[in-house]
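Inside the fold
The primary structure of each chain is shown beneath.
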Protein chains: 2
Amino acid sequence: MPDDAAVTVGRSGRRAGESRTRESILEAARNRFGRYGYDGATIRGIAADAEVDPALVHHFYGTKERLFVAAMRLPVVPSEAIIAVLGGERLRLGEEFSKHAGEILVRNMLTVWETGYMGSALLGLLRSAPTNDQALTMLREFVTNTIMAAFSEILGKGAASADAAERRYRAGLVASQVVGLGFTRYLLKLEPLAAASIDELVAAIGPNLQRFLTGDLSVQKR
Amino acid sequence: MPDDAAVTVGRSGRRAGESRTRESILEAARNRFGRYGYDGATIRGIAADAEVDPALVHHFYGTKERLFVAAMRLPVVPSEAIIAVLGGERLRLGEEFSKHAGEILVRNMLTVWETGYMGSALLGLLRSAPTNDQALTMLREFVTNTIMAAFSEILGKGAASADAAERRYRAGLVASQVVGLGFTRYLLKLEPLAAASIDELVAAIGPNLQRFLTGDLSVQKR
């Protein structure tokens, strides 16, 4: 990219001007995401607030999700991480994937949470979101548009149903268990859940997620 | 109780002095529970802060749990509500209870949450607890000592295992799903989970809670 010297200079030598520009974009993004939610905030509007061209925001951050991730200081791009991890497992396991998706999900979730600084970022989200409605709206729309969409895409291919609405319902049920596990184990530190090993939790919770993904969830007629 | 006029006068005619005394006890309780957690706070210490005799605190509020419930303005005493509701179902269903405990749990949780002002109190707890460590400690100890203990007692009689540690683990798993459902459905309002009917959620989640309560959760040897 020799046509854009500012980008190729690298972190240590980055020009102060570019650094200031990025900071104003991120600040404008935090404000817009907070005020209008994830859906309502536009790159055009954020660019206008930061007094830069929208093309520059796209150049720096690519997609709205990546801009959100940078603005919220999340350590990874959730939908990319989900597709990378689960997509890799799906390639490895082939047709067996859909039978083990529940266990794979809970093992990966626990491993990611307990490795490096991802856990503290997730804890930060769980801690801060409930305290104000703007943050909740933002988190809800972000989860729906990125995390649930990625789950729904990658799990849909192996799941019992090809129906998009049903896939989203199943993904939501998975989210209810996974968020609850994060809340009780890592935030509330409820014993003996907090002391259980990953293997124990995979054995306990994996089959339940599996049922959410591929089991019969219909209301029985009496 | 004609030996204690202050108590028998009733809400409207309650003497201003008693009302002030109750308020100082509740304020002292909130401070002590916040500072020392649910376990660490004692009725003796709370009485000392409020400059009253511990016997008066017992007289007004009975147990520490009831004092906590009054101080936190919860609309019901959780362990009593659990024992009343689940105990009633257990009497009604007899030996069938343990087979349907999962569905009974999720139906009752959803009904209680969506009826009257219990839901807003629970939402308040979910919203405020994550923001500071004192509130988290308090909530953890309270949940462990009252809600989990009540679950553990009432479910233990019909559960697969009589082992107390295993019962607590199973109760913790149930808590992870129930708290997560509350968080995603009522706080995050994640669709299509938020729009699902109680019957649909009972069908989807009931059997998963049932597995937590009575299923085989052991790690399989390979």
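All of these numbers come straight from a predicted model, not from anything done at the bench.

Now for the overall build of chain A. Scanning chain A from N- to C-terminus turns up 11 helices and 0 strands. Its helices and strands in sequence order give chain A the pattern α-α-α-α-α-α-α-α-α-α-α, from N to C terminus. Each of the 222 residues in chain A was classed as buried or not, and the buried ones make up 35%. The contacts in chain A between residues at least 6 apart in sequence include a share of 61% that link residues at least 24 apart.

This part takes up the nonpolar core. Most often, soluble globular proteins keep nonpolar side chains buried together rather than apart. In terms of nonpolar packing, the biggest core is built from 102 residues, with I46, V106 and V174 of chain A together with I46, V106 and V174 of chain B touching the most fellow members. V174 of chain B has contacts with L105, F151, L209, F212 and L213 of chain B, leaving out every residue within four places of it along the chain.

For the pair chain A and chain B, the relating rotation is 180 degrees, the translation along its axis is 0.0 Å, and the fit reaches an RMSD of 0.0 Å. Both copies are brought into coincidence by an operation consistent with a two-fold rotation axis. In terms of proximity to the rotation axis, the leading residue of chain A is G180 of chain A, whose C-alpha is 1.7 Å off the axis. Comparing interface residues between copies, 100% of those in chain A also sit at the interface in chain B, which points to an isologous, same-surface contact.

Mapped onto the secondary structure, T137 of chain B falls in helix α9 (residues 133-156). Residues T137 of chain B and V219 of chain B, spaced 82 residues apart in sequence, show a C-alpha to C-alpha distance of 30 Å.

To continue, consider the domain arrangement of chain A. All names here are of chain A. Splitting chain A by domain gives domain 1 (5-71) and domain 2 (78-214). Across the contact, 8 residues belong to domain 1 and 8 residues belong to domain 2. Within the residue set of the side of domain 1 that touches domain 2, elements represented by two or more residues are α2 (16-40) and α5 (64-71). At 6 residues, α2 tops the list of elements feeding residues into the side of domain 1 that touches domain 2.

Let us now look at unusual backbone geometry. A cis amide bond links E191 of chain A to the next residue, P192 of chain A, at an omega of 5 degrees. Among the structural elements, P192 of chain A can be located in the loop between α10 (164-187) and α11 (198-214). Residues other than glycine seldom take positive phi values, yet E51 of chain A does so here, at roughly 55 degrees. With respect to the element layout, E51 of chain A can be found in the loop between α3 (43-50) and α4 (54-61). Within the chain, K189 of chain B stands out as a residue other than glycine whose phi angle is a positive 50 degrees. Counting through the fold element by element, K189 of chain B comes out in the loop between α10 (164-187) and α11 (198-214). A tally of 13 C-beta atoms within 10 Å means that K189 of chain B is categorised as partly exposed.

This part covers the interface of chain A and chain B. Each side of the interface is counted separately: chain A has 40 residues, and chain B has 40 residues. Elements supplying a minimum of two residues to the side of chain A that touches chain B: α8 (118-128), α9 (133-156), α10 and α11 of chain A. Among the elements that make up the side of chain A that touches chain B, the one with the highest residue count is α10 of chain A (14 residues). Grouping the constituent residues of the side of chain A that touches chain B by class yields 22 nonpolar, 10 polar and 8 charged.

Okay, α11 of chain A next. Residue and element names in this part refer to chain A. Helix length check: α11 (17 residues) gives 23 Å between terminal C-alpha atoms against 24 Å at 1.5 Å per residue, within 8%. The sharpest bend along α11 comes to roughly 35 degrees, located at I205, with the proline P207 sitting one to four residues further on. Along α11, the positions that sit buried rather than exposed are L201, V202, A204, I205, N208, L209, Q210, F212 and L213.

Residue and element names in this part refer to chain A. Looking at chain A, the pLDDT average stands at 79 and 79% of residues meet or exceed 70. Taking the mean pLDDT of every element in chain A, the minimum, 45, falls on helix α1 (residues 5-8) and the maximum, 95, on α3. On the interface metric, ipTM, the complex scores 0.72, and its pTM is 0.73.

Residues and elements named next belong to chain B. Contact geometry of helix α3 (residues 43-50) with helix α4 (residues 54-61) gives a least axis separation of 8 Å together with a crossing angle of 105 degrees. Between α3 and α4, the angle is such that the two are roughly perpendicular. Contact residues: α3 offers I43, R44, I46 and A47, while α4 offers P54, V57 and H58. Within the contact of α3 with α4, the residues separate by chemical class into 5 nonpolar, 1 polar and 1 charged.

Turning to the environment of R73 of chain A, a few remarks are in order. Following the sequence through the fold, R73 of chain A ends up in the loop between α5 and α6 (78-93). C-alpha of R73 of chain A to C-alpha of L26 of chain A: the two residues are 47 residues apart in sequence and 9.7 Å apart in space.

Let's shift gears to the environment of D53 of chain B. Summarising the element assignment, D53 of chain B is placed in the loop between α3 and α4. Each C-alpha atom, one on D53 of chain B and one on I43 of chain B, is 9.7 Å from the other, the two residues being 10 residues apart in sequence.

Criteria and cut-off values
- Every chain is numbered on its own, with residues counted from 1 as its sequence reads.
- Each chain gets a letter, beginning with A, and each ligand a number, beginning with 1, in the order they are written.
- Whole-chain, interface and lining totals are the exception, using all residues; otherwise, since this is a predicted model, local features are given only for residues with pLDDT of at least 70 and side-chain atom pairs are given and counted only at 80 or more.
- The secondary structure listing takes helices from DSSP runs of H or I that are at least 4 residues long and strands from runs of E that are at least 2 residues long, numbered from the N terminus.
- Three exposure classes are used, all based on how many other C-beta atoms lie within 10 Å of a residue's own C-beta (placed from the backbone): buried at 20 or more, exposed at 12 or fewer, and partly exposed between those limits.
- Distance between backbone-placed C-beta atoms decides contact: two residues are in contact if it is within 7 Å.
- The nonpolar core is taken to be a set of buried Ala, Val, Leu, Ile, Met, Phe, Trp, Tyr and Cys residues joined by way of C-beta atoms within 7 Å.
- Least squares is the method used to superpose the copies, on C-alpha atoms of residues holding a pLDDT of at least 70 in both.
- Either an automatic procedure or a domain database provided the assignment from which the domain bounds are taken.
- Polar here means any residue outside two lists: the nonpolar Ala, Val, Leu, Ile, Met, Phe, Trp, Tyr, Cys and Pro, and the charged Asp, Glu, Lys and Arg; Gly therefore counts as polar.
- Residue count minus one, scaled by 1.5 Å, sets the expected span of a helix.
- In this scheme, the bend at a residue equals the angle between the axes fitted to the seven residues that finish there and the seven that begin there.
- Confidence scores per residue from the predictor, reported as pLDDT, run from 0 to 100.
- Every angle, taken between N-to-C directions, lies between 0 and 180 degrees, and every axis is a line fitted to C-alpha atoms, over only the stretch in contact when it is a helix.
- Angles below 35 degrees are treated as roughly parallel, those above 145 as roughly antiparallel, those between 65 and 115 as roughly perpendicular, and all remaining angles as oblique.

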